[in-house]
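Examining the three-dimensional arrangement
The lines below spell out each chain.
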Amino acid sequence: MAKDYSGGSPKHHHLEQKRKRLTWILGVSGLCVLFYVLGAWQNTNTTVTDKSELSNKAGCDVTNPTATKSQTSVLPSSTSSSASLDFEAHHMIGINETSTSIQKIPACEMSYSEYTPCQHAPRSRKFDRAMLKYRERHCPTKEELLLCLIPPPPKYKNPFKWPQSRDYAWFDNIPHKELSIEKAVQNWVQVEGDRLRFPGGGTMFPRGADAYIDDINELIPLTKGKIRTAIDTGCGVASWGAYLLKRDILTMSFAPRDTHEAQVQFALERGVPAMIGIMATQRLPYPARAFDMAHCSRCLIPWHQYDGMYLIEVDRVLRPGGYWILSGPPINWKKYWRGWERTQEDLKQEQDSIEDVVKRLCWKKVVEKGDLSIYQKPLNHIECVKSRKTFKTPHICKADAADNGWYTNMEKCITPLPEVSSSDEVAGGAVEKWPERAFALPPRISSGSIPGINAEKFREDNELWKDRVSHYKRIMSPLAQGRYRNIMDMNAYLGGFAAAVMKYPVWVMNVVPSNSNHDTLGVIYERGFIGTYQDWCEAFSTYPRTYDLIHAAGVFSIYQDRCDITYILLEMDRILRPEGSVIFRDTVEVLVKIQSITEGMRWKSQIMDHESGPFNPEKILVAVKTYWTG
């Protein structure tokens, strides 16, 4: 029996359904197009403040328009493959929730041009002078922090490029003649018109640092890659470290603030690694077993006093098998005692006391020739432990905090070395010769002494930084053009950034935050690089305008809940040279907050894509400190 279609013929029924479906689809599509057009029109008419206008407002009182070298070219143009990203519409994070305007930070008075917050002389004089405690770090309280920009001198110029900077600096950048007068005979520095010249002289090397280093090379091997990291205590203008660089030896030079005016500032202006520091009551801010060689050339440190505590500290930071070089009083006292204005008996007693401390530390005297005396630390402590039956003091420390170097008091006991199974084994593990050492697996990682970091993570980190630096080279041409010399990595981790820029004429101050989950500074030294501990809620131990490029990866995510990041940015501005650059790596929210603060600091900046592409939540902020003077 045929089926009864009450709604009409089946063909007409299907046509009606198709018509309704088509009408519905067209209606929805039309609404989508309409809302899209409305949205596009609304975004086109949204008022967005021009970045250049904000920069001009922030820097409206720039007083010197005659700067000859503009560093703003490091910021990519709008046609760059890594286009500028504007996140402001979706990530508005205010510095001060009560105001949406940019806080313009004023310049400090010119009297603060060389301000070093934690070594500020007026504050230092309030502290105990015993054992030079007053010259150690004494940072300002929260109420004493300056909310202003440290001004450069009125005629400030970009420093000479390396290697010319080793020998020359502009006088207007460091306007001090004291050393050229006080050390005139010793050729530390000379004033020649509008520039300073550094002949490479020193108190104990009148023939120059180069000849002095050649004398050392005749006694111990400096050019075979075994010695890579060195420390120079009481460095003067760091000519010893400057001339070691051509022998592939990287030196951490330090001297106290104000002993001789601006000596560390001279060193950094030359493009030579240096820090403000002193051996007083606290440990040096470096890990144990860090340096292959230590040096003192008339550095005025009383090595024989306080139960040999300062030599004990040198022993802590010296690698097993490392060398300590001493020249100046009391070495060769029979020749110099009249010029040193000391009695022969006094000088002989001092040298005998030093030799006694050396024996108790289990070091051996390698050689004494002319003005040089060289000692060597043992490879391990097997014999040293046995010798405690003879030498009751100093005893070997019981604590296992050998690497602690941040606000830690010195101890009058020998820092224990890792245990070994034979007398010829290097405690803690031997390192490769340089330059293989830079990428060889560091002993601290191969031994498993740093939890969570293994050989695979080390390899991955190296590859990661190789890609990142290639990306930096594309977006910041001065990296490849020799514009930078002094670089700081504020959160260095394993030193991968420093390793990736080895081919450029730069050196990197690798900073490991003192509150890091993993203490990796020892790894960095085992790779043949240098660095220090630092709490970024405080100022760094350096003069203003001493770094060309600062790298800050994840720093502000670490510190944003610990202290006001405005003061961290002001500290970065203090130590950054005019027209110097900063690379920030962090989340978008953090970078937008940083950018809003730096716009009030006369910086120009741009948020960039991550090297892996736009979908990575981490972004890069490239910033440039504009040129202005006090």
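Overview of the structure. Here the residue index of a chain counts from 1 through its sequence in written order. Local features in a predicted model are, by the rule used here, given only for residues with pLDDT of at least 70; side-chain atom pairs are given and counted only at 80 or more, and totals for whole chains, interfaces and linings are based on all residues. To obtain the side-chain values, all non-hydrogen atoms of the structure were included, while hydrogens and water were left out.

1. A few points about the state of the cysteines
One way to say it: the disulfide is the covalent bond shared by the sulfur atoms of two cysteines. Any two cysteine sulfur atoms lying within 2.5 Å of each other are counted as a disulfide. If you walk through the whole model with that rule in mind, you get 6 disulfides. For Cys537, the disulfide goes to Cys563, at an S-S distance of 2.2 Å. Note on the Cys537 and Cys563 pair: the S-S dihedral is about -85°, so by sign convention the disulfide is left-handed. One end of the pair, Cys537, is in the loop between strand E13 (530–534) and strand E14 (547–553); the other, Cys563, is in the loop between helix H17 (555–559) and helix H18 (565–575), and 26 residues separate them in sequence. When the bonded cysteines of the protein chain are counted from the start of the sequence, the pairing works out to 1-4, 2-3, 5-6, 7-8, 9-10, 11-12. Strands here mean DSSP runs of E at least two residues long; helices mean DSSP runs of H or I at least four residues long; both are numbered from the N terminus.

2. Topic: the environment of Val189
The residue Val189 is located in the loop between helix H4 (178–182) and strand E2 (190–192) in this model. When the C-alpha atoms of Val189 and Gly201 are compared, they prove to be 7.9 Å apart, with 12 residues separating the residues in sequence.

3. A closer look at the side chain of Asp461
Here Asp461 shows up in helix H13 (residues 455–475). Each residue's exposure class comes from its accessible area (1.4 Å probe, protein chains only) as a fraction of the maximum for that residue type: buried when under 20%, exposed when over 50%, partly exposed otherwise. By the counting scheme adopted, Arg and Lys are positive, Glu and Asp are negative, and His together with the chain ends is not counted. The salt bridge criterion pairs a side-chain nitrogen of Lys or Arg with a carboxyl oxygen of Asp or Glu, the two atoms within 4 Å. Although buried, Asp461 forms no salt bridge, and the nearest oppositely charged side chain, Arg527, lies 5.0 Å from it. By definition, residues are in contact when any of their heavy atoms lie within 4.5 Å. Dropping the residues within four chain positions of it, Asp461 is found in contact with Tyr493, Leu494 and Gly496.

4. Topic: the pattern of salt bridges
For the structure on display, the rule yields 35 salt bridges. One continuous salt-bridge network, built from bridges that share partners, spans Asp210, Asp214, Lys246 and Arg247.

5. A short note on the nonpolar core
Judged by nonpolar contacts, the single largest core of 146 residues is most densely connected at Met293, Trp303, Trp324, Phe556, Met572 and Phe584. Start and end points for every domain follow an automatic or database-based domain assignment. Two domains each donate at least three residues to this core, and these are domain 1 (206–388) and domain 2 (436–625). Side-chain atoms within 4.5 Å link the members of a nonpolar core, which is a set of buried Ala, Val, Leu, Ile, Met, Phe, Trp, Tyr and Cys residues. With 6 residues, the next largest nonpolar core counts Ile445, Ile450, Phe458 and Leu494 among its residues.

6. Quick look at the packing of aromatic side chains
Stacked, tilted and edge-to-face are the three classes applied to pairs of Phe, Tyr and Trp rings, where Trp contributes its six-membered ring and a pair requires centres within 6.5 Å; stacked means planes under 30 degrees apart, edge-to-face means over 60, and tilted covers the rest. One pass over the structure, following the stated rule, counts 19 aromatic pairs. With a centroid separation of 5.8 Å and an interplanar angle of 65°, the aromatic rings of Trp465 and Phe497 are classed as edge-to-face. In this pair, Trp465 sits in helix H13 while Phe497 sits in helix H15 (residues 496–500), placing the two residues 32 residues apart along the sequence. Each member of the pair, Trp465 as well as Phe497, is classed as buried. Among the aromatic side chains, those forming a connected cluster through ring pairs are Trp303, Trp324, Trp363 and Tyr375.

7. As for the sheet that holds E13
One open sheet holds the 7 strands; their spatial order is E13-E12-E11-E14-E15-E17-E16, and the pairing between them is mixed. The open sheet has two edge strands, E13 and strand E16 (603–608), and neither has a second partner. If you compare each strand with its neighbour and ignore which way they point, the axes differ by 20° on average. Pairing analysis gives 6 bridges linking E16 to strand E17 (residues 618–625), with the strands arranged antiparallel. When the bridges of E17 are listed, Lys604 appears paired with Val624. Sheet strands in contact with helix H19 (residues 588–598) are strand E15 (576–587), E16 and E17, and its direction is about 155° off that of E15. Only when DSSP finds a minimum of two bridges between them are two strands counted as paired. Only the contacting stretch of a helix is used when fitting its axis, a line to C-alpha atoms as for every element, and angles between N-to-C directions run 0 to 180 degrees.

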